Amino acid sequence: MENLLQVSNSTLYDRYPDVFSGISEIISHDGKNDNNLSILSYGCSTGEEVRTLHEKYFPSARITGTDIDSVSLEIAKRLAINNVSFKELNLVKQEGTKYDVIFCMSVLCRIFQSNMKEHPIAFSDFNNTLIELDSKLNVGGYFVIYNSNYSFFDSDIFDKFIGIRHHKIKKSFSEALMFTKELSLMFDDKVCIYKKIK
């Protein structure tokens, strides 16, 4: 997770409402109450995603936001929301804390430029990041990955997960992202929620 995967810190409030409401409904259907949920927003930027999750979808959950960019994280810390904390990425990596849900929204992607001679993110960086994040996720928890240059199905951790479709989620990546499927043997463009089963 040391490499800078996403070079933009662009973010918006409630940027992915279909995904957020979809995972909220899935968790509720599982009989889980957000009072007991621990959530990690990986690549939280200036905190809009964390604020959205707290205000609209998981008001009682304990939410941690982390980002590699210290300036963005300092802006996020000014939000001062109950049950919400913002931590440096290194701190999150060192702590033994595990989470019930990890959001990784538009972090593992870069838009292709016509002058690029190689892929903007190496598959090994994508894969190693998922392995590290997986070590922070409880069994029975959820990985939510929207917009990535590679398919989660290709990662070394995929056999520990099942992909979950939700009727509100029509696609797992944006049109602007020229999604690469060159490695993918299994690919479902409507799945961005994965439940950890082992």
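Bear in mind the structure is a predicted one, so any value in this text is a computation, not a measurement.

*Asks:* Any chance you could explain the sheet that holds strand β2 (residues 62-67) here in plain terms?
*Replies:* Each strand in a sheet pairs with another by means of backbone hydrogen bonds, the pair being arranged parallel or else antiparallel. The seven strands are arranged β3-β2-β1-β4-β5-β7-β6 in an open sheet whose pairing can be described as mixed. Each of the sheet's edge strands pairs with one partner strand only, and the pair in question is β3 (84-88) and β6 (161-164). Averaged over all pairs of adjacent strands, the angle between strand axes in this sheet comes to 20 degrees, irrespective of strand direction. Here helix α3 (residues 70-77) sits on the sheet in contact with β2 and β3, set at roughly 160 degrees to β3.

*Asks:* Before we go on, may I ask you to explain the nonpolar core in this structure?
*Replies:* If you look at the biggest cluster of nonpolar residues, it comprises 30 residues, and the most contacted ones within it are F58, F103 and I193. Listed by contribution, the elements that provide at least two residues to this core are α1 (17-29), α2 (48-57), α3, β3, β4 (99-105) and β5 (137-146). Among the elements that line this core, the one with the most residues is α1, at five residues. Setting aside anything within four residues of it in sequence, one finds F103 in contact with F20, I23, I39, L40, S41, Y42, E49, L53, F58 and V144.

*Asks:* Sorry if this is basic, but what is going on with the environment of L40 here?
*Replies:* As for its position among the elements, L40 is in strand β1 (residues 38-42). On the accessibility criterion, L40 (0% relative accessible area) is buried. Separated by 62 residues in sequence, L40 and I102 place their C-alpha atoms 4.7 Å apart.

*Asks:* Whenever I open this one, α3 confuses me. Can you help?
*Replies:* Note that an α-helix has 3.6 residues per turn; residues three or four places apart therefore point the same way. Buried within α3 we find S72, L73 and A76. The buried side chains of α3 occupy one side of the element, clustering within an arc of 100 degrees when seen end-on. The inward-facing, buried residues of α3 contact β2 and β3.

*Asks:* For this particular structure, what's the right way to read the pairing of β3?
*Replies:* As a general feature of sheets, a regular strand has side chains that alternate between the two faces. Looking at chain direction, β2 and β3 are connected through five bridges and run parallel. Its bridge partner lying in β3, I63 is registered against V84. Once the chain exits β2 it traverses α3 before rejoining the sheet at β3, and the crossover so formed is right-handed.

*Asks:* Explanation requested: the packing of aromatic side chains in the structure shown.
*Replies:* Where two aromatic rings form a pair, the distance of their centres and the angle of their planes describe that pair. Inspection of every chain in the model, using the stated rule, returns 15 aromatic pairs. Each ring, one from F20 and one from F103, has its centre 5.7 Å from the other, and the planes form 75 degrees; the classification is edge-to-face. You can see F20 sitting in helix α1 and its partner F103 sitting in strand β4, a full 83 residues away along the chain. You can call F20 buried: its relative accessible area is 1%. When its relative accessible area of 0% is taken as the criterion, F103 is described as buried. Geometrically, the ring pair formed by F153 and F158 is tilted, given 4.6 Å between the ring centres and 55 degrees between the ring planes. Here F153 matches F158 in class, with each residue buried. One aromatic cluster in this structure is built from F143, F152, F153, F158, F161 and Y194.

Criteria and cut-off values
Residues numbered from 1 in each chain as written. Predicted model: local features only at pLDDT ≥ 70, side-chain atom pairs only at ≥ 80, totals over all residues. Heavy atoms only, no water. Pairing = 2+ DSSP bridges. Helix = DSSP H or I, 4+ residues; strand = E, 2+ residues; numbered from the N terminus. Axes fitted to C-alpha atoms, helices over the stretch in contact; angles between N-to-C directions. Contact = heavy atoms within 4.5 Å. Core = buried A, V, L, I, M, F, W, Y, C linked by side-chain atoms within 4.5 Å. Buried < 20%, exposed > 50% of the residue type's maximum accessible area, 1.4 Å probe, protein only. Arc of directions from axis to C-beta. Right-handed = clockwise from strand over helix to strand, strands pointing away. Phe/Tyr/Trp six-rings, centres within 6.5 Å; stacked < 30°, edge-to-face > 60°.

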